[in-house]
Amino acid sequence: MSTSDVIRSRLLAREGDESIYELFVGPQHPSSGHMRFIVRLEGDIIVSVDPDIGYVHRTMEKLAEGREAIKAIPLLERMTIIDSHNVTIALVRAMEKLLDVEPPPRARYLRTLLSEINRIASHLYGIGIAGIMLNHSTMFMWAFGDREVWLQLAEELTGARLTHTYSIPGGVRRDLPQGFAEKAEKAVRYMTRRLENYAKIFLENPQVEARYRGVGVLKKSEASRLGIVGPNLRASGVRYDARLAEDYAAYSEVEFEVPTLEEGDAYARMRLRVEEIKQSMSIILQVLKKMPQGPIFAEKYLRLLPPKLREQVMSTGRVKFPALFATMKLPPGEAVARAEMGHGEIFYHIISDGSSKPYRLRVVTPSFRNVILFRYLMPGHRFMDFPAIYGSLDYFPPEADR
């Protein structure tokens, strides 16, 4: 009998039992993040948890279908503002498949660079939130403070602190700034030392270990059956990463490990994110070392630009949204693409009827796929384990609601 069947039979058997009472958590932002949980308790033991999502639903798919395709990029960045490049790079790849255009090698490396900077910032955000859910304010302040290092790098590379709109069909908007490599290498050295401090004050803290070890265990078979993605999947022993499964950016040209752990508990999920930060820093150093010279935008599109604008792009290394994109039409057909966000795999499906607007745009986000874990992992634990499990999942409500 599956976990869901056990929960369902337990509830049906005890329906109307006055010893079971309901507790609402949320939907105010503190502690729940713009969502509500209907928690059923027997004493302080959790019988079931129903995540009540949709409080920040913004009809993003429908909005994207009502505007030019290129304008969907800054719109859909708002789904996961803490990981805005990874959340839209698959959208750009789907457009490029329809347009039959490939970004030049340098653009692919630059995309990889920003993706990994975003991934580190996203993991630090999640670690900080998990810390404050355990009342560990030092971990919260450290992680959010260190996240600023990576946000500043992203801003210098793209010109924007959070919503970068960096990758566009055919390439990227800006080239590598002068002196960026040295700053990135300095950030890697700093973060390497800080992760050692994280271990001492948080991961190796006996109180934190007591709250995390053996709590919220997700078995490998259940993780695969439920379609879980990202660190929550890999912490249960499943070695799946969209960076390897989907050929995009420059991931096939750099070497990195896909960390996995077998325990599947809250502690494993937190440790795995730290290991992924280490791998991201390794990728960043490799990208900066192997970065090829050349254009940052597809020659196919550069030839269509007016001579003056084309010369400006070539000389400044920056691509603005030219008039070309305002009238860009997607050829009839459909395309799918996926990418690995900090939270897990994101999937896009675009159907075009030949106009400048997508006929249908569908996006499946990692938080939407992982929200089911609240139902599966909570029952049987004490209510004090609720925030520990929640924090370990790194769930982001606006990303699930879309």
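Located above this text is the structure these notes cover.
About the cut-offs
- Every chain is numbered independently, its residues counted from 1 as its sequence is written.
- In keeping with the predicted nature of the model, local features appear solely for residues at pLDDT of at least 70, side-chain atom pairs appear and are counted solely at 80 or more, and the whole-chain, interface and lining totals rest on all residues.
- Side-chain numbers here rest on the full set of heavy atoms in the structure, without hydrogens or water.
- Secondary structure elements follow DSSP: runs of H or I no shorter than four residues count as helices, runs of E no shorter than two count as strands, and numbering proceeds from the N terminus.
- Pairs of N or O atoms are called polar contacts if they sit within 3.5 Å, as long as, within protein, a hydrogen donor faces a hydrogen acceptor (for residues adjacent in sequence, only side-chain-to-side-chain pairs).
- Remark: exposure states derive from per-residue accessible area (1.4 Å probe, protein chains only) relative to the maximum for the residue type, with buried under 20%, exposed over 50%, and partly exposed in between.
- We call a set of buried Ala, Val, Leu, Ile, Met, Phe, Trp, Tyr and Cys residues a nonpolar core when their side-chain atoms join them within 4.5 Å.
- Working rule for contacts: check all heavy atoms of both residues, and any pair within 4.5 Å makes them a contact.
- Pairing of aromatic side chains here covers Phe, Tyr and the six-membered ring of Trp, requires ring centres within 6.5 Å, and sorts the geometry by plane angle: under 30 degrees stacked, over 60 edge-to-face, intermediate tilted.
- We call a charge positioned over a ring when the NZ of a Lys or the CZ of an Arg lies within 6 Å of the ring centre and within 35 degrees of the ring normal.
- Any two strands between which DSSP finds at least two bridges are classified as paired.
- Note on definitions: angles span 0 to 180 degrees between N-to-C directions of axes, and those axes are lines fitted to C-alpha atoms, for helices only across the stretch in contact.
- Each reported salt bridge corresponds to a side-chain nitrogen of Lys or Arg within 4 Å of a carboxyl oxygen of Asp or Glu.

Considerations on the side chain of arginine 194
In step 1: Within the secondary structure layout, arginine 194 lies in helix 8 (residues 180-203).
In step 2: Here aspartate 146 takes part through its side chain, which lies 2.9 Å from a polar atom of the side chain of arginine 194.

Focus on helix 19 (residues 386-393)
Every α-helix winds through 3.6 residues per turn, so residues three or four apart in the chain are directed the same way.
In step 1: Most of helix 19 is tucked away: 7 of the 8 residues are buried.
In step 2: Among the residues making up helix 19, those that are buried are Phe386, Ala388, Ile389, Tyr390, Gly391, Ser392 and Leu393.
In step 3: After helix 19 finishes, the residue aspartate 394 shows a positive phi value of roughly 55°.

Topic: the nonpolar core
Across soluble globular proteins, nonpolar side chains show a tendency to be buried alongside one another.
In step 1: Counting residues in hydrophobic clusters, the biggest one holds 85 residues, and the most contacted among them are Leu91, Trp150, Tyr212, Ile346 and Tyr348.
In step 2: With sequence-adjacent residues up to four places away left out, tryptophan 150 is seen in contact with Ile117, Ile120, Ala121, Leu124, Ala187, Val188, Met191, Met281 and Ile284.
In step 3: Met35, Ile46, Ile228 and Tyr395 belong to the second largest nonpolar core, which has 27 residues in total.

With respect to the environment of glutamate 22
In step 1: Note on placement: glutamate 22 falls in strand 1 (residues 20-25).
In step 2: By relative accessible area, which is 44% here, glutamate 22 ends up partly exposed.
In step 3: If we ignore the near neighbours within four places in the chain, the residues touching glutamate 22 are Ile38, Val39 and Arg40.
In step 4: Side chain to side chain, glutamate 22 and arginine 40 meet in a polar contact 3.3 Å long.

Observations concerning the packing of aromatic side chains
In step 1: Enumeration according to the criterion identifies 14 aromatic pairs in this entry.
In step 2: Each ring, one from tyrosine 251 and one from phenylalanine 256, has its centre 6.0 Å from the other, and the planes form 65°; the classification is edge-to-face. With respect to class, tyrosine 251 is no different from phenylalanine 256; both count as buried.
In step 3: For the ring pair phenylalanine 374 and tyrosine 390, a centre distance of 5.0 Å and an interplane angle of 85° mean the geometry is edge-to-face. Of this pair, phenylalanine 374 sits in helix 18 (residues 373-377) while tyrosine 390 sits in helix 19, placing them 16 residues apart in sequence. Exposure class is identical for phenylalanine 374 and tyrosine 390. Each is buried.
In step 4: Every member of this aromatic cluster is reached through a ring pair, and the members are Phe37, Phe374, Phe383, Phe386, Tyr390 and Tyr395.
In step 5: The ring of phenylalanine 24 has arginine 36 sitting right over it, with the charged end atom 4.8 Å from the ring centre.
In step 6: Positioned above the aromatic ring of phenylalanine 368 is the side chain of arginine 402, whose terminal nitrogen or guanidinium carbon lies 4.8 Å from the ring centre.

Side note on the sheet that holds strand 2 (residues 36-42)
In step 1: Pairing is antiparallel in the open sheet, where 3 strands are placed in the order 1-2-3. Whereas interior strands pair on both sides, the edge strands pair on one side only; in this sheet they are strand 1 and strand 3 (45-52). With direction set aside, neighbouring strand axes in the sheet form an average angle of 20°.
In step 2: Two strands pair when backbone bridges link them, and strand 1 and strand 2 are joined in this way by 6 bridges, in the antiparallel orientation. Across the sheet, tyrosine 21 pairs through a bridge with leucine 41, a residue of strand 2.
In step 3: Across the sheet, helix 19 lies against strand 1, strand 2 and strand 3, angled at about 145° from strand 2, the strand it touches most.

Considering the sheet that holds strand 7 (residues 345-352)
In step 1: Within the open sheet, the 3 strands sit side by side as 6-7-8. Their pairing is antiparallel. This sheet does not close on itself; its edge strands, each paired only once, are strand 6 (333-340) and strand 8 (360-364). In this sheet, adjacent strand axes meet at a mean angle of 10° when their direction is disregarded.
In step 2: In this sheet, strand 7 lies alongside strand 6 in antiparallel orientation, the contact comprising 8 bridges. Note on strand 7: the bridge partner recorded for valine 336 is histidine 349.
In step 3: Packing of helix 5 (residues 86-99) onto the sheet brings it into contact with strand 6, strand 7 and strand 8, and relative to strand 6 it is tilted by some 150°.

Some words on the pattern of salt bridges
In step 1: If you walk through the whole model with that rule in mind, you get 35 salt bridges.
In step 2: The partner of glutamate 68 in a salt bridge is lysine 71, with the nearest N and O atoms 3.3 Å apart.
In step 3: Its salt-bridge partner being arginine 273, residue aspartate 394 comes within 3.6 Å of it at the nearest N-O pair. Of this pair, aspartate 394 sits in the loop between helix 19 and helix 20 (397-401) while arginine 273 sits in helix 13 (residues 266-290), placing them 121 residues apart in sequence.
In step 4: Looking at aspartate 394, the relative accessible area reads 8%, which means it is buried.
In step 5: Using a relative accessible area of 1% as the deciding quantity, one classes arginine 273 as buried.
In step 6: Each of the salt bridges in this network shares a partner with another, and the network as a whole consists of Glu116, Arg119, Arg234, Asp241, Arg243, Glu276 and Glu340.

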